[in-house]
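# Chain and residue survey
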Amino acid sequence: TPHLDAMAAEGVRFTNAWAQPFCSPTRASILTGLFASKANVLNYTDPLSQHYASFVQRLKDEGGYHTGLFGKWHLAGMPGRDTSYPGMKPKEAGFEFFRGNMHAALKTYWDYEYMSQDETTPATQWRSGRPPLKSLPGIAPTTMSGVVQVADALDWITAREQSAPGKPWFAWLAFNLAHATSQLQPSQMMVPEADTLDEATRREMSACGGRFGSHEVGQCGGESLERAMTTSMDTLIGRMIDGVQRLDPNTIVIYIGDNGTPMYGRPNLDFIDNLYITRKGRGKGTVYESGARVPFAIRGPGIVARRESAEYVHAADLFPTILTLAGLSVPQRVPTGDGASTQDVDGKSLAPILRGKAKTVRDRDQGYVLTESLNLMTNSTRQVGARNARYKVICTEKVSNEACEFYDLVADPIEEYPLPEPSSCEASAKRRDPAWHYCRLSGLIRTESFFAKGR
């Protein structure tokens, strides 16, 4: 990923960033600033209620921003028999313009439903059609989704810069790469267009018999295909950043992953996970580090370059961070999903870290972040992780010593050596005692996660 590496080197890279273990819950946390139980999006079928507050709507209404969304949305829920999406659509979230797909996965990377919303579309409706042929510098015309998504985003930004050069814009670009497709044959994985790959990856794909620009993967294994799809995405991100630099170098760029890679146990879908552990039962859909820890970097004007931050942060932090960087006020409370009351925002603005004014935004001991999973792929396994600066507790199905695991992430960042749980939380342990942290974090899982709501 040379382009992502270069982008991260130009700003701040967060090495302890959590998302949710699945894509929809992470998107909901980014948009609302809430952990999964408060946003009530716990798996990839849950729709986000239209009652929630979106930072994009605030950018548009209070900041005067043009707002555009390109690529995967996956917050409106899953289409029912009437093909409707019950949850929040892009325009309902504050996006003026949308080109992409609202579903969880594409049919194939070249044949998929191409959806759009614009000024002529009611917020609850959209148009659907065939994907267009698009090209980028050095990349021939194709319907491959990543190329179309980047080209659509750059076309929209170009038009905004030409029609209203003094007006700010915000673009959300969400790749489907490197996700499996809904069509199973000949493979749910694919071999990208050759001109989106580097020479080493082209050789690797050729050697295992993959046909470029197709789902005919030959004898290529899941690890090779994941590498190729990730390399292709990185190439396209490079084209995106180059285009933005030409149009307006005074632009903040944010990159974040939405969950770990899957370990599904099916042919070509059982990748080595993103922490390079071969242990089963981890990766996407679980709250272990290989399911929740994601790459995250921000660069742009006013952001200190070539820095790494070990602060424990969460995808929900983007809600207040983006509003702060845009010069807007950040609400402390936002509506609940039914619109009947309000609740505290979970995200913390990372602006002090980005500007070099602070190293932390959460208390090392009392602060916390949550990652929550209702995994439909494993018979609806319920699992929650809670962490502070050093310690982490994972509870599966219930909160008890028998159902929870306890880790020191500083000494054991890939969770190989569980710590003993205390026999009781009745004693007044000191913060220097690991038992205090177990009791604190397991208590938060009991009271603040979806376990408290009986989900």
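Before reading on, note that the structure itself is shown above.
For clarity, every value in this text was computed on a predicted model and none was experimentally measured.

Definitions and limits used
- Residues numbered from 1 in each chain as written.
- Predicted model: local features only at pLDDT ≥ 70, side-chain atom pairs only at ≥ 80, totals over all residues.
- Heavy atoms only, no water.
- Helix = DSSP H or I, 4+ residues; strand = E, 2+ residues; numbered from the N terminus.
- Rg over C-alpha atoms; globule rule 2.2 N^0.38 Å.
- Buried < 20%, exposed > 50% of the residue type's maximum accessible area, 1.4 Å probe, protein only.
- Contact = heavy atoms within 4.5 Å.
- Areas by Shrake-Rupley, 256 points an atom, 1.4 Å probe, with all protein chains shown as cover.
- Disulfide = S-S within 2.5 Å.
- Phe/Tyr/Trp six-rings, centres within 6.5 Å; stacked < 30°, edge-to-face > 60°.
- 1 Å grid on protein atoms, 1.4 Å probe; cavity = no way out; pocket = protein on both sides within 12 Å on 5 of 7 lines; lining within 4 Å.
- Points joined across faces, edges and corners; volume = space filled by probe spheres on them.
- Nonpolar A, V, L, I, M, F, W, Y, C, P; charged D, E, K, R; others polar.
- Pairing = 2+ DSSP bridges.
- Axes fitted to C-alpha atoms, helices over the stretch in contact; angles between N-to-C directions.
- Core = buried A, V, L, I, M, F, W, Y, C linked by side-chain atoms within 4.5 Å.
- Parallel < 35°, antiparallel > 145°, perpendicular 65-115°, else oblique.
- Expected span 1.5 Å × (residues − 1).

## Details of the overall build of the chain
In terms of regular secondary structure, the chain is built from 11 helices and 17 strands. Its C-alpha radius of gyration of 22 Å places the chain within 12% of the 23 Å reference for a compact globule of 455 residues. Dimensions of the chain along its principal axes, counting C-alpha atoms only, are 65 × 50 × 50 Å. The burial tally for the chain puts 55% of its 455 residues in the buried class. Once local pairs closer than 6 in sequence are excluded, the contacts in the chain between residues at least 24 apart make up 65%. Summing over all exposed atoms, the chain offers an accessible surface of approximately 18500 Å²; the carbon and sulfur share of this is 50%.

## Considering the state of the cysteines
Under the criterion given, the structure shown has three disulfides. Assigning the bonded cysteines of the chain consecutive numbers by sequence position, one obtains the connectivity 1-2, 3-4, 5-6.

## A word on the packing of aromatic side chains
According to the stated counting rule, one finds 15 aromatic pairs in the structure shown. Ring centres of Phe55 and Trp172 lie 6.3 Å apart, and the angle between their planes is 15 degrees; on these two criteria the pair is classed as stacked. Taken together, the residues Phe55 in helix H4 (residues 55-63) and Trp172 in strand E8 (residues 169-174) connect sequence positions 117 residues apart. Judged by its relative accessible area of 0%, Phe55 is buried. Geometrically, the ring pair formed by Tyr85 and Trp126 is edge-to-face, given 5.5 Å between the ring centres and 75 degrees between the ring planes. Of the two residues, Tyr85 is situated in the loop between strand E2 (66-72) and strand E3 (97-101) and Trp126 in the loop between strand E4 (114-117) and strand E5 (127-129); the sequence distance between them amounts to 41 residues. Members of the aromatic cluster, each reached through a chain of ring pairs, are Phe55, Trp73, Phe95, Phe170, Trp172 and Phe319.

## Quick look at empty space enclosed by the protein
The tally for this structure, following the rule as stated, stands at two cavities of 30 Å³ or more. Of all elements in the fold, only E2, E3 and helix H5 (145-163) reach the threshold of two or more residues within the lining of the largest cavity. Approximately 30 Å³ is the volume attributed to the second largest cavity. Taken together, Phe35, Ser37, Lys38, Asp346, Tyr368, Leu370 and Glu448 make up the full set of residues lining the second largest cavity. Per-class residue counts for the lining of the second largest cavity are three nonpolar, one polar and three charged.

## Concerning the sheet that holds E8
As summarised here, the arrangement of the five strands in space is E5-E4-E3-E2-E8, forming an open sheet in which the pairing is mixed. Of all strands in the sheet, those bounded by a partner on one side alone are E5 and E8. Sheet twist, expressed as the mean angle between neighbouring strand axes with direction ignored, is 15 degrees. In terms of strand pairing, E3 meets E4 through three bridges, oriented antiparallel. Note that in E4 the partner of Gly100 across the bridge is Met115. Sheet strands in contact with helix H2 (residues 23-32) are E2 and E8, and its direction is about 170 degrees off that of E8.

## Re unusual backbone geometry
In this chain, Leu177 is followed by Ala178 through a cis amide linkage whose omega measures 0 degrees. Examined against the element boundaries, Ala178 turns out to sit in the loop between E8 and helix H6 (199-207). A cis amide bond links Gln185 to the next residue, Pro186, at an omega of 0 degrees. Turning to its location among the elements, Pro186 is positioned in the loop between E8 and H6.

## Quick look at the nonpolar core
Of all hydrophobic cores here, the largest spans 47 residues; its most connected members are Phe14, Leu31, Leu48, Phe55, Trp73, Phe170 and Trp172. Sorting the residues of this core by element identifies strand E1 (12-18), H2, H4, E8, strand E10 (296-299), helix H9 (318-325) and helix H10 (351-354) as the ones contributing at least two each. The dominant element in this core, judged by the number of residues it contributes, is H9, at four residues. Those residues in contact with Trp172 that lie beyond four places of it in its chain are Arg27, Ile30, Leu31, Phe55, Gly68, Leu69, Phe70 and Phe95. In this structure, Val148, Met229, Leu236 and Ile241 belong to the second largest nonpolar core, which totals 45 residues.

## Details of the side chain of Asn16
For Asn16, the position within the fold is in strand E1. The exposure class of Asn16 is buried, given its relative accessible area of 16%. Every residue in contact with Asn16, bar those within four places of it in the chain, is listed here: Ser309, Ala310, Glu311, Tyr312, Val313 and Arg387.

## Side note on the layout of surface pockets
Computed from the structure, the second largest pocket encloses a volume of approximately 310 Å³. Tyr44, Ala105, His179, Tyr264 and Met377 are the residues nearest the centre of the second largest pocket, which is lined by 18 residues in total.

## Quick look at the packing of H5 against helix H7 (residues 222-247)
For the pair H5 and H7, interaxial distance at closest approach is 10 Å and the crossing angle is 5 degrees. Here H5 lies roughly parallel to H7, going by the angle between them. On H7, the residues that touch Gly146, Val147, Val150, Ala153, Leu154, Ile157, Thr158 and Glu161 of H5 are Leu236, Arg239, Met240, Gly243, Val244 and Leu247. Of the residues contributing to the contact of H5 with H7, the split by class is nine nonpolar, three polar and two charged.

## Focus on helix H11 (residues 434-448)
Taking 1.5 Å of rise per residue, the 15 residues of H11 would be expected to cover 21 Å, and the 21 Å separating its terminal C-alpha atoms lies within 8% of that figure. Where H11 is concerned, the buried positions are Ala435, Trp436, His437, Tyr438, Leu441, Ser442, Gly443, Leu444 and Ile445. Buried residues along H11 sit in contact with strand E15 (381-387), strand E16 (391-396) and strand E17 (404-408).

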